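Listed below, chain by chain, are the residues.
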Amino acid sequence: MSAPGTAAVKPLANYAELRRAGGLLFLSGISARQADGTIAGTQVAADGKRVHDVAVQLRTILQKASDTLERNGARLDHLVDVTIFLTDMADYGAMNEEYNRWFAAGGPARTTVGVRALPHPDMVVELKVVASAAE
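Residues numbered from 1 in each chain as written. Predicted model: local features only at pLDDT ≥ 70, side-chain atom pairs only at ≥ 80, totals over all residues. Heavy atoms only, no water.

Participant: Help me understand helix α1 (residues 54-71), please; the structure alone is not making it clear to me.
Facilitator: In an α-helix there are 3.6 residues to a turn, and that puts residues three or four apart on one side. Taking 1.5 Å of rise per residue, 18 residues should cover 26 Å, and α1 covers 26 Å from first to last C-alpha, within 8% of that figure. Most of α1 sits out of view: 15 of its 18 residues are buried. Between a side-chain oxygen at the N-terminus of α1 and the backbone nitrogen of A55 the separation is 3.0 Å; the capping residue is D53. Directly beyond the C-terminal end of α1, a positive phi value near 80° is found at G73. (Helix = DSSP H or I, 4+ residues; strand = E, 2+ residues; numbered from the N terminus. Expected span 1.5 Å × (residues − 1). Buried < 20%, exposed > 50% of the residue type's maximum accessible area, 1.4 Å probe, protein only. Polar contact = N/O pair within 3.5 Å; in protein donor to acceptor, adjacent residues only side chain to side chain.)

Encoded structure:
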């Protein structure tokens, strides 16, 4: 699967994109922010309101996670734990539908949390993941 804007994006603060500890890989929070600062899955409607597509954002995030893991010798099927942060739990169904395209039943452990906001007003979903290091 591919998504727009999946090139590595420089963190906005002094944190690591990924840390290895023992046999685990910890990825910092992953958003749909692209290298040019825009957020994938965001459009401006005819009335000037911003419209956010949670499925596009999640697809972009999962592709970014996949790319980061591959650069570090792992794959998405090495994920053991996923935490999903949603700014609107009304997006849960659409988010879940996209998530299920990437992971079969019995995939990683997962928690979904509703949050008031994420670091940019156009971000509607963010992931925090832990993977086992490639064996």
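Participant: In this structure, what is going on with the pattern of salt bridges? I would like to understand it.
Facilitator: Once their charged atoms are close, side chains differing in charge can pair, the charge on each being opposite to the other. Going through the model one piece at a time under the given rule, you end up with six salt bridges. A salt bridge links E97 to R101; the nearest nitrogen and oxygen atoms lie 3.3 Å apart. Here the residue E97 and the residue R101 both occupy positions in helix α2 (residues 92-102), the gap between them amounting to four residues, near one helical turn. Here the salt bridges share partners, and the residues they tie into one network are R59, E97, E98 and R101. (Salt bridge = Lys/Arg side-chain N within 4 Å of Asp/Glu carboxyl O.)

Participant: Could you clarify how one ought to interpret the packing of α1 against α2 in this entry?
Facilitator: Each pair of packed helices can be summarised by the angle the axes make with each other and by the distance between the axes. At their nearest, the axes of α1 and α2 sit 8 Å apart, and the two run at 35° to each other. For the crossing formed where α1 meets α2, the hand is right-handed. Between α1 and α2, the residues in contact are V54, A55, L58, R59, L62 and Q63 and A94, M95, E98, Y99 and W102, respectively. For the contact of α1 with α2, the class distribution of residues is eight nonpolar, one polar and two charged. (Axes fitted to C-alpha atoms, helices over the stretch in contact; angles between N-to-C directions. Left-handed = near helix turned anticlockwise from the far one by under 90°. Contact = heavy atoms within 4.5 Å. Nonpolar A, V, L, I, M, F, W, Y, C, P; charged D, E, K, R; others polar.)

Participant: What is the right way to look at the pairing of strand β6 (residues 109-114) in this model?
Facilitator: Each regular strand carries side chains that alternate between the two faces of the sheet. One ladder, built from six bridges, connects strand β5 (residues 79-86) with β6; its direction is parallel. Residue pairing for β6: D81 is matched across the bridge by A109. Taken together, β5, α2 and β6 form a β-α-β motif whose crossover is right-handed. (Pairing = 2+ DSSP bridges. Right-handed = clockwise from strand over helix to strand, strands pointing away.)

Participant: Would you mind going over the packing of aromatic side chains with me for this structure?
Facilitator: For any pair of aromatic rings, geometry is given as the distance between the ring centres together with the angle between the planes. Going through the model one piece at a time under the given rule, you end up with one aromatic pair. Arranged with centres 4.7 Å apart and planes meeting at 35°, the rings of Y99 and F103 form a pair that is tilted. A relative accessible area of 10% means that F103 is categorised as buried. Taking the ring centre of Y99 as reference, the NZ or CZ of R110 above it sits at 4.5 Å. (Phe/Tyr/Trp six-rings, centres within 6.5 Å; stacked < 30°, edge-to-face > 60°. Lys NZ or Arg CZ within 6 Å of the ring centre and 35° of its normal.)

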